[in-house]
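Read off the chains here:
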Amino acid sequence: MNLQVIYCNHQTASLDIRERLAFTGEEQLADAYTQLRDRFPNSEAVVLSTCNRVELYTAQENAAAAPTHDELAGFLSNFHGVPVEEFLGDLLQHSGAEAVGHLFRVCSSIDSMVLGEPQIVSQVKEAYRQAEANEACGPLTNALFQCAIRVSKRVRSETRLAEGRVSIASVAVGEFARGIFDRFDDKTVLVIGAGEMAEETLQYLQDDGVRDVLVVNRNPERARELAAKWGGDGFGMDRLEGLLPGADVVVAATGADQPIVDVEMFARVRDGQRDRPVFVLDLGAPRDVAPEVSGLDDNVFLYDVDDLQETCERNRKSRSQEIVRALSIIENESDRFMQDVYHRATGPIVKRLREQWSDVSQKEMDRLRSKLSHLGDADIDQVEQTVNRIVNKLLHPPLEALRDEARDGTPHGLLDALSRLFHIRD
Amino acid sequence: MADVTIFCFFASYTVAFALDVLRLKRPKRSTWMVSVGIAAAGFVAHTLFLLNAADKGREELLPPLLSSSQDWTLVLAWLVVGFHLFLTCCDRALSLGVFLFPLVLGLIGSSYFLADEPSQLLNAAESARRGWTMLHVSSLAVGSAGVLAGIVLSLMYLLQHRRLRQKGRSATGLKLPSLERLSRMNWWSVMVSVPLLTVGMGTGLVLLLSGSTEGRELSLGDPVVIINGISWLGLIGLFGWMLLTPRATGKQVAWRTLLACGFLLVTVVGLNVLASHSPGFSEHASVSSLGANGDPVETGGPS
């Protein structure tokens, strides 16, 4: 099996790099898959792009068709128009079993900034769905991603990783918003974007007592839908600047590729109300709020996903026992997946061997029937069952040996020997 | 009970402070319990010591607890520790001890250098003035506790503000209330303490002007009066500014409170220490109104 992943994440690359390499929106992804197919026609591909990571999985039956690290980096560079040297040092690569283990860790949130966060599973599912929709998946990536989703479910049910504060939004609200505000029932929350992240942050804020919710979104209808869910009002993006001055908490979580709130806009908003603290949480990657906004005055508290890293690290250390248990499950599942993959590689030989021996036994049974016509159907059935048992018993040792060999990798030598011994041809 | 010395509770508070600092690195429930236990033991010893002092005061027909400079400082420290224990028991996560214990230890440490003899202002012979005297010293003590609270709350505000602006990259393990709450508490500490200090100063002046201190004359040009007057004016300025500037930022309020209250605290404690050690200076200090617990020349000296 030839499976590779190249990736950069919150541990290897800064948000500046990640946001430049991110794939935002279905159109851009579709374009990416088209270009991937053109460049690597024999490869399956899945792109996973979230605020914390950009990962590109490729797989192919034939090792010779596997794209190299430089070729994949070159694709990212060309696609995003970012010179390779600017991010090559931040780009890591795994292949084979390591790549499988990596995806399992990602999907189980071991690799996430916030340990145990549930969003990553839906993000992996969505990435897989997009790849399927763009016909970029194949047997290997199908098996891999389906298995990864199953493993993440097992990790969540068998460990306590998903207990406590397990999302970026909850960490941001718990660690920082509560450090600024004593209560939220008298605060106005403005949410920019109407996606899953925005909704989840609203959930935490409402748990803290928020009542006054405003949502702005490119699609006003979607904004109104989300706002109605939380008893608020929804607007189109054109109302953003007018609504910002009244907001105490601003949560930005859109898929935009440029900052929606720039310094000039925010400076106008802050004019005359610099005495009033404002908590701005930017969950976008690329960022939705220009980082320079933070320097406008002392009462602007702006946080982006990278700013939450230290807090998340403390969270991670406090659950180190659970990480050990989760890693043990992942290692076990990775081994099983790899054995299945290797075993699958022996499938065609085993199938042909069985078919060949079955043909031989069937022919011998037909000859026997014509010679011993006096035998009844019951007697013929008995003989046929005996012959089948003999065939199975004779096949058992070579197939068992094949299965044993397949535990550590595709048993090319044994497959070759079996083909030659039993005259199995493609 | 009579064997309780200042060192007993000073040592307890020092250990509690060290444990609170340790909690910043290793926030364990057991450390919190030991720290609160030791602080509570110190508080009990502190209370017993003050009750002893009050008994002594009664023998000499003096107002309890506030009869000398040393008593006054120790009562102030006692109020602060009581405040700390109350808040810490309400919210275990709060890192209040790291801010309050240095002040408490500073006050108790400075009390070593203050006289423990009764003040002439509290002359027992003047029974008609006792009510005024008690009002004077009590309002000064509670007002000063408010000033201490203002200092601590401002420090906490500035630290929390810095932590939040630096995205939590500093002060790891330090759990502080929200900026909104700190700002509100700071505002109230100034609003309560300034009028109380003003009452204390006013009654002090009345007591002095009524002329009972064996022929001493009050001079408005006296350096002690001037220094205390400036401190008080600083607080009045802060008080007025806070009332008239509702749109001031929390950080501005915290800095101004810290400067005004810090200056007042250093001035009051400094003048009292000087008064206890310098016979010439103590004469001035004894007629100061903020340092109304100033001691007579004859009795000055470390306890």
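## Quick word on the overall build of chain A
Then, in step 1: Scanning chain A from N- to C-terminus turns up 15 helices and 10 strands.
Then, in step 2: Every one of the 426 residues in chain A was classed for burial, and the buried ones make up 52%.
Then, in step 3: Of the roughly 19,500 Å² of accessible surface on chain A, 47% is carried by carbon and sulfur atoms.

## Points about the pattern of salt bridges
Residues and elements named next belong to chain A.
Then, in step 1: Using the criterion set out here, one finds 32 salt bridges over all chains in the structure.
Then, in step 2: A salt bridge links Arg18 to Asp306; the nearest nitrogen and oxygen atoms lie 3.0 Å apart. Pair noted here: Arg18 is in helix 1 (residues 15-21) and Asp306 is in the loop between strand 10 (300-304) and helix 12 (309-317), with a separation of 288 residues, a long-range link.
Then, in step 3: Assessed through its relative accessible area of 2%, Arg18 is described here as buried.
Then, in step 4: One network of salt bridges, with partners in common, ties together Asp16, Glu19, Arg287 and Asp304.

## Examining the sheet that holds strand 2 (residues 44-49) of chain A
All names here are of chain A.
Then, in step 1: With respect to topology, four strands assemble into an open sheet ordered 2-3-1-4, the strand pairing being antiparallel. Strand pairing shows two members of the sheet lacking a second neighbour, strand 2 and strand 4 (92-95), which therefore form its edges. The mean angle between the axes of side-by-side strands here comes to 15°, regardless of whether they run parallel or antiparallel.
Then, in step 2: The strands touched by helix 2 (residues 25-39) within the sheet are strand 2 and strand 3 (53-60), with strand 2 carrying the most contacts at an inclination of about 150°.

## Digging into the sheet that holds strand 6 (residues 212-217) of chain A
Residues and elements named next belong to chain A.
Then, in step 1: Taken together, the six strands give an open sheet; going across it, the order is 7-6-5-8-9-10, and neighbouring strands pair in parallel fashion. Pairing within the sheet leaves two strands with one partner each, and these edge strands are strand 7 (233-236) and strand 10. Direction aside, neighbouring strands of the sheet carry axes that sit 15° apart on average.
Then, in step 2: Here strand 6 pairs with strand 7 via four bridges, running parallel. Residue pairing across strands places Asn217 opposite Gly236, the latter belonging to strand 7.

Conventions we followed
Residues numbered from 1 in each chain as written. Chains lettered and ligands numbered in written order. Predicted model: local features only at pLDDT ≥ 70, side-chain atom pairs only at ≥ 80, totals over all residues. Heavy atoms only, no water. Helix = DSSP H or I, 4+ residues; strand = E, 2+ residues; numbered from the N terminus. Buried < 20%, exposed > 50% of the residue type's maximum accessible area, 1.4 Å probe, protein only. Areas by Shrake-Rupley, 256 points an atom, 1.4 Å probe, with all protein chains shown as cover. Salt bridge = Lys/Arg side-chain N within 4 Å of Asp/Glu carboxyl O. Pairing = 2+ DSSP bridges. Axes fitted to C-alpha atoms, helices over the stretch in contact; angles between N-to-C directions. Contact = heavy atoms within 4.5 Å.

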